[in-house]
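Residue-level listing of the chains:
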Amino acid sequence: MTTVLVHDNGDLLAAAAAARLITKLADAQAERGTASVVLTGGGTGNAVLEHVRAAPARDAVDWSRVDVYWGDERYVPADDAERNEGQARKALLDDLPLDPRRVHCLPPADGAFGEDVEAAAAHYAEVLAQHAPEDAHPQVPRFDVCLLGLGEEGHTASLFPDTQHVRESVRTVVGVRDCPKPPPTRISLTLPAINAASEVWLMTTGSGKAHAVAAALATATPPEDVPAAGARGRQRTLYLLDEAAAAELPRG
Ligand code: 6PG
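Residues numbered from 1 in each chain as written. Predicted model: local features only at pLDDT ≥ 70, side-chain atom pairs only at ≥ 80, totals over all residues. Heavy atoms only, no water.

1. Examining the packing of helix α2 (residues 43-54) against helix α3 (residues 84-91)
Where α2 meets α3, the closest approach of the two axes is 8 Å, and the angle between their N-to-C directions is 30°. It follows that α2 is roughly parallel to α3 by the angle criterion. At the point where α2 passes α3, the crossing takes the right-handed sense. Two secondary-structure elements touch here, α2 through Asn46, Leu49, Glu50 and Arg53 and α3 through Gln87, Ala88, Lys90 and Ala91. Per-class residue counts for the contact of α2 with α3 are 3 nonpolar, 2 polar and 3 charged. (Axes fitted to C-alpha atoms, helices over the stretch in contact; angles between N-to-C directions. Helix = DSSP H or I, 4+ residues; strand = E, 2+ residues; numbered from the N terminus. Parallel < 35°, antiparallel > 145°, perpendicular 65-115°, else oblique. Left-handed = near helix turned anticlockwise from the far one by under 90°. Contact = heavy atoms within 4.5 Å. Nonpolar A, V, L, I, M, F, W, Y, C, P; charged D, E, K, R; others polar.)

2. Observations concerning the layout of surface pockets
As a volume, the largest pocket reaches approximately 220 Å³. Surrounding the largest pocket, 19 residues form its lining, Gly41, Gly42, Gly149, Leu150 and Lys181 being those nearest its centre. If you list the elements that add at least two residues to the lining of the largest pocket, you get α2, β4 (72-74) and β8 (199-204). Of the residues that constitute the lining of the largest pocket, the class distribution is 3 nonpolar, 11 polar and 5 charged. Roughly 170 Å³ of internal volume is contained in the second largest pocket. Looking at the second largest pocket, the residues that line it are Lys24, Asp27, Ala28, Glu31, Arg32, Arg142, Phe143, Asp144, Ser198, Arg234 and Gln235. Class assignment for the residues of the lining of the second largest pocket results in 2 nonpolar, 2 polar and 7 charged. (1 Å grid on protein atoms, 1.4 Å probe; cavity = no way out; pocket = protein on both sides within 12 Å on 5 of 7 lines; lining within 4 Å. Points joined across faces, edges and corners; volume = space filled by probe spheres on them.)

3. Some details on the packing of aromatic side chains
Geometrically, a pair of aromatic rings is defined through the distance of the ring centres and the angle of the planes. In this structure the tally under the stated criterion is 1 aromatic pair. Ring geometry for tyrosine 69 versus phenylalanine 143: centroids 5.3 Å apart, planes at 65°, classification edge-to-face. In this pair, tyrosine 69 sits in strand β3 (residues 66-70) while phenylalanine 143 sits in the loop between α4 (117-130) and β5 (145-148), placing the two residues 74 residues apart along the sequence. (Phe/Tyr/Trp six-rings, centres within 6.5 Å; stacked < 30°, edge-to-face > 60°.)

In structure tokens:
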């Protein structure tokens, strides 16, 4: 089921998504004692994390029992300001009593895999498999929610239009080179991995995204043209938009 929620502005979207995330994680923990979230890079994703940090209800979540993953990562040195991990730590994670063993970062470019981004991606796929239920297909954890951003041309995570990675049906994590959005080398979950999540939330703001949002929601669009169109949660897909990003959608 796909639901579109439109908020007056980007800040309200981020605050509402933060409240929704806190509730989602707390509900998951009430149900099975633990919760898992896949974070996204980008301005909207980080704004949501900043609102979680400021939220009075944030400690309704037992953060020591939350598993944190990333949907993609820029393949840069660990201390590079462009890393999604560093931006997430600054926005929220360093303020939380997380269990460091449950924060699953992607390898940096100055780590064990050096220039070999494909090997780094394969390593992360192994990390996901190690935390997957035995009967999971694909071999990834039971993500409660996968947060995603959306690019103006329809990319999500680091899956860009008209690339082989959008059609990847076997691997759960891929190395991506020559990305049109800098930095050019990245690691990304593939759509099979993203779509293993119970819920997928695509969050974006601004008029520049309006066309991509409309294309992603137009069911006829194949994922190769608009990768975001291929992102769907097992139970629910949410589009969390501001008015500007929703401008090309039919009213009502
Ligand atoms: C990244 C993100 C990317 C991002 C979109 C939207 O690492 O860059 O994963 O997919 O979410 O490009 O970014 P904005 O929210 O900044 O528009």
